[in-house]
Amino acid sequence: MFKPMWKALVCTLALSALGSAMAADPVVIKFSHVVAEQTPKGQGALLFKKLVEERLPGKVKVEVYPNSSLFGDGKEMEALLLGDVQMIAPSLAKFEQYTKTVQLFDLPFLFDDISAVDRFQLSPEGQKLLKSMESKNITGLAYWHNGMKQMSANKPLREPKDARGLKFRVQASAVLEEQFKAVNANPRKMSFAEVYQGLQTGVVNGAENPYSNIYSQKMHEVQKYITESNHGVLDYMLITNTKFWNGLQPDVRSELDKILVEVTAHVNKEAAQLNQNDKQRIVDAKTTEIITLTPEERNEWRDKMKPVWKKFEGDIGADLIKAAEASNKAQ
C-alpha cells in the first residue's frame with residue numbers, strides 16, 4: 001500500500017526539482033543581424049544585450065550575431081518564424097510579403113529629413129504599422145534609424161539622365177525596383193553581404209546606402225562618386241516572434257519593453273552623428289567624390305521618381321501616404 005504512495009511522492013519531488021531547475025534557466029534571446037557592429041544597428045544590439053543582462057541577471061541572456069554570421073539577409077526572417085532566433089531588425093524594405101503598408105518607407109523623396117521620419121514613426125499611424133503583422137506571428141517592437149540614403153556610382157550622378165543604364169543594387173523591394181526604373185536604371189536584387197564584391201567586380205555599378213553602411217562595408221573604396229541625395233530612409237524595424245514574446249513572463253516582458261525604449265532613443269540619437277562621422281571619414285579617405293545637389297537638381301530627381309508613389313498607392317493606402325507626407329511639416 002505504501003509503495004505506490006512512496007513512488008508518487010518521489011515522482012512529485014523529482015518533477016518539482018526539475019521544474020525549479022527549468023525555471024532557473026535564463027530565457028535566451030538570439031539577436032541576429034547583417035551589418036557591422038560599428039553601425040547604429042550593431043551598436044543598438046550590443047547596448048540591448050548589456051542592459052538586459054544588467055537588469056535581468058539570470059533571467060534573460062542575449063546572444064548577438066552581427067555581419068550575417070548566423071543568418072544572412074535571405075534567411076533571417078525564416079529563422080525568426082521558425083524560432084531559431086528571437087530578435088532581428090530587418091530593413092523596412094523587407095516586409096512587403098507580410099504587409100504592403102510598410103512599403104511606405106521605400107517611397108522615394110517622401111520624407112524631407114530624419115526628423116520627419118521620427119515624427120511619422122511616433123504618430124498613431126506609424127505605431128500602428130508595428131502591429132500590422134501580428135497575424136503572421138511577427139511583432140514590431142521599435143523603429144531603429146540607420147539614416148537617409150545616398151546614391152553611389154562609378155560616374156557622377158547629378159541629373160536623373162546620368163543614371164540611365166546603370167545597374168543599381170537594391171534590396172528585395174518592388175518599390176525600390178520601380179524607383180530606379182523611373183530613371184531608366186537597371187535594379188539588381190542582391191543581399192547586403194554581397195554588395196562590396198558586386199561593386200568591386202562590376203556585377204552592379206551603383207547602390208543606395210546611408211554613409212554608415214558605405215563606410216563600414218568599405219563601399220567607398222569601390223565607388224568613385226557619392227551623390228548626397230537623401231532620397232529615402234534606410235531604417236529598421238526591430239521585430240520578434242509573436243508567440244515567443246507573448247509567452248514571456250509579464251514582468252520580464254515589461255522590463256524588456258522599458259529597455260527597448262531606452263535603447264531605441266540612444267540608437268536614433270547616435271545614428272545621425274555616426275553618419276556624419278562616417279561621411280567625414282569617406283572625405284578623408286580621398287577615394288570618393290561627394291556630390292552636393294542644388295535644390296533644383298534634387299527636385300529634378302524627385303519629379304522623376306515621384307510617380308512611383310501613385311503605382312503603390314493602392315497597396316499602401318492614400319491616407320497613410322498623406323499622413324507620412326504631412327510629417328514633413330514640424331508641428
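Remember, it's a predicted structure, so these values are computed and weren't measured experimentally.

> Quick question: what am I supposed to make of the overall build of the protein chain here?
Check the secondary structure of the protein chain and you find 13 helices and 11 strands. Along the first, second and third principal axes, the C-alpha set of the protein chain runs to 95 × 45 × 35 Å. Buried positions account for 49% of the 331 residues belonging to the protein chain. Residue pairs at least 24 apart in sequence account for 75% of intrachain contacts in the protein chain once pairs closer than 6 positions are excluded. Total accessible area on the protein chain is roughly 15700 Å²; 53% of this is exposed by carbon and sulfur atoms. Of the side chains in the protein chain, 43 bear a positive and 41 a negative charge, and the two mean positions are spaced by 3 Å.

> Which parts of the structure should I look at to understand the sheet that holds strand β3 (residues 87-88)?
Pairing between sheet strands relies on hydrogen bonds along the backbone, with the strands arranged either parallel or antiparallel. Reading across from one edge, β2-β1-β3-β10-β4 is the order of the five strands in this open sheet, with mixed pairing throughout. Edge positions in the sheet fall to β2 (60-65) and β4 (138-148), since each of these pairs with one other strand and no more. The pairing of β4 with strand β10 (residues 233-241) spans nine bridges and is classified as antiparallel. Opposite Ala142, over in β10, you have Leu238 as the bridge partner.

> How should I be thinking about the confidence of the model for the protein chain in this particular structure?
Note that predicted coordinates carrying low pLDDT should not be read in detail. Taken as a whole, the protein chain shows an average pLDDT of 92; of its residues, 92% reach a score of 70 or greater. For the stretch residues 17-22, pLDDT sits under 50, and the model shows zero contacts to residues farther than four places along the chain or on other chains.

> Please explain empty space enclosed by the protein as it appears in this structure.
Over the atoms rolls a probe the size of a water molecule, and in doing so it shows where empty space is left. Applying the stated criterion across every chain yields a total of two cavities of 30 Å³ or more. Reported here for the largest cavity is a volume of approximately 100 Å³. As for the largest cavity, its lining consists of 13 residues, and the residues nearest its centre are Ser91, Lys94, Gln171, Phe192 and Tyr236. Split by residue class, the lining of the largest cavity holds five nonpolar, four polar and four charged. Taken as a whole, the second largest cavity spans an internal volume of roughly 40 Å³. As for the second largest cavity, its lining consists of Ser91, Leu92, Ala93, Phe105, Asp106, Lys149, Gln171, Leu176, Val233, Leu234 and Asp235. Of all the elements, β10 adds the most residues to the lining of the second largest cavity, at three residues.

> Whenever I open this one, the nonpolar core confuses me. Can you help?
Across soluble globular proteins, nonpolar side chains have a tendency to be buried as a group. By size, the foremost hydrophobic cluster in this structure holds 40 residues, and its most contacted members are Phe31, Phe48, Leu238 and Leu256. Mapped onto this core, the elements with two or more residues apiece are β1 (27-32), α2 (40-55), β2, β4, α7 (195-201), α8 (211-216), β10 and α10 (250-285). For this core, the element with the highest residue contribution is α10, accounting for seven residues. Once you skip the residues sitting within four places of it in the chain, Leu256 turns out to touch Ile29, Phe48, Val52, Leu56, Trp245 and Leu248. Counting residues in each nonpolar core, the second largest holds 34 residues, with Ala79, Leu80, Val117 and Met148 among its members.

> Teacher, can you tell me more about helix α12 (residues 307-316) here?
An α-helix turns once every 3.6 residues. As a result, residues three or four positions apart point the same way. Restricting attention to buried positions, one finds in α12 the residues Val308, Trp309, Phe312 and Ile316. Taken around the axis of α12, the buried residues stretch over an arc of 90 degrees, which confines them to a single face. What points out from α12, more than 90 degrees from its buried face, is the exposed set Lys310, Lys311 and Gly314. Positive backbone phi, approximately 110 degrees, marks Gly317, located one or two places after α12.

> How should I be thinking about the packing of α2 against α10 in this particular structure?
To describe two helices that pack against each other, one gives the angle between their axes and the distance between the axes. As a packed pair, α2 and α10 sit with axes 9 Å apart at the nearest point and diverge in direction by 150 degrees. Our classification of the angle between α2 and α10 gives roughly antiparallel. Between α2 and α10 lies a crossing whose hand is right-handed. Contacts between α2 and α10 pair Pro40, Gly44, Leu47, Phe48, Leu51, Val52 and Arg55 from the former with Glu255, Leu256, Ile259, Leu260, Glu262, Val263, His266, Val267, Ala271 and Leu274 from the latter.

What counts and how
The numbers attached to residues start from 1 for each chain and follow its sequence in the written order. Under the rules for a predicted model, residues below a pLDDT of 70 receive no local features and side-chain atom pairs below 80 are neither given nor counted, while totals for whole chains, interfaces and linings still include all residues. As a rule here, side-chain values cover all heavy atoms of the structure and leave hydrogens and water aside. The secondary structure listing takes helices from DSSP runs of H or I that are at least 4 residues long and strands from runs of E that are at least 2 residues long, numbered from the N terminus. For the exposure calls, accessible area comes from a 1.4 Å probe over protein chains only, and a residue counts as buried if that area is under 20% of its type's maximum, exposed if over 50%, partly exposed in between. The contact criterion used is simple: two residues touch if any of their non-hydrogen atoms lie within 4.5 Å. Residue burial considers only the protein chains on display, and all accessible areas are found by Shrake-Rupley using a 1.4 Å probe. Note on charges: Lys and Arg go in the positive column, Asp and Glu in the negative column, and His and the chain ends are not counted at all. A charge is said to be at NZ when it belongs to Lys, at CZ for Arg, at CG for Asp and at CD for Glu. Two strands make a pair as long as DSSP finds a minimum of two bridges between them. Per residue, pLDDT captures the predictor's confidence, and it can take any value from 0 to 100. Using protein atoms alone on a 1 Å grid, points that fit a 1.4 Å probe yet trap it form a cavity, whereas open point sets bounded by protein on both sides within 12 Å along at least five of seven lines form a pocket; residues with an atom within 4 Å of a point count as lining. Grid points are joined across faces, edges and corners, and a volume is the space filled by probe spheres set on the points. As a working rule, the residues Ala, Val, Leu, Ile, Met, Phe, Trp, Tyr, Cys and Pro are called nonpolar, Asp, Glu, Lys and Arg charged, and the rest polar, with Gly in that last group. The set of buried Ala, Val, Leu, Ile, Met, Phe, Trp, Tyr and Cys residues whose side-chain atoms join them within 4.5 Å is what this entry labels a nonpolar core. Within this analysis, the arc is defined by the directions that extend from the helix axis to the C-beta atoms. Working convention: axes come from line fits to C-alpha atoms, limited for helices to the stretch in contact. Angles between N-to-C directions cover 0 to 180 degrees. Each angle gets one of four labels, with under 35 degrees taken as roughly parallel, over 145 as roughly antiparallel, 65 to 115 as roughly perpendicular, and the rest as oblique. Crossing chirality is assigned from the near helix's rotation relative to the far helix, an anticlockwise turn below a right angle marking it left-handed and a clockwise turn marking it right-handed.

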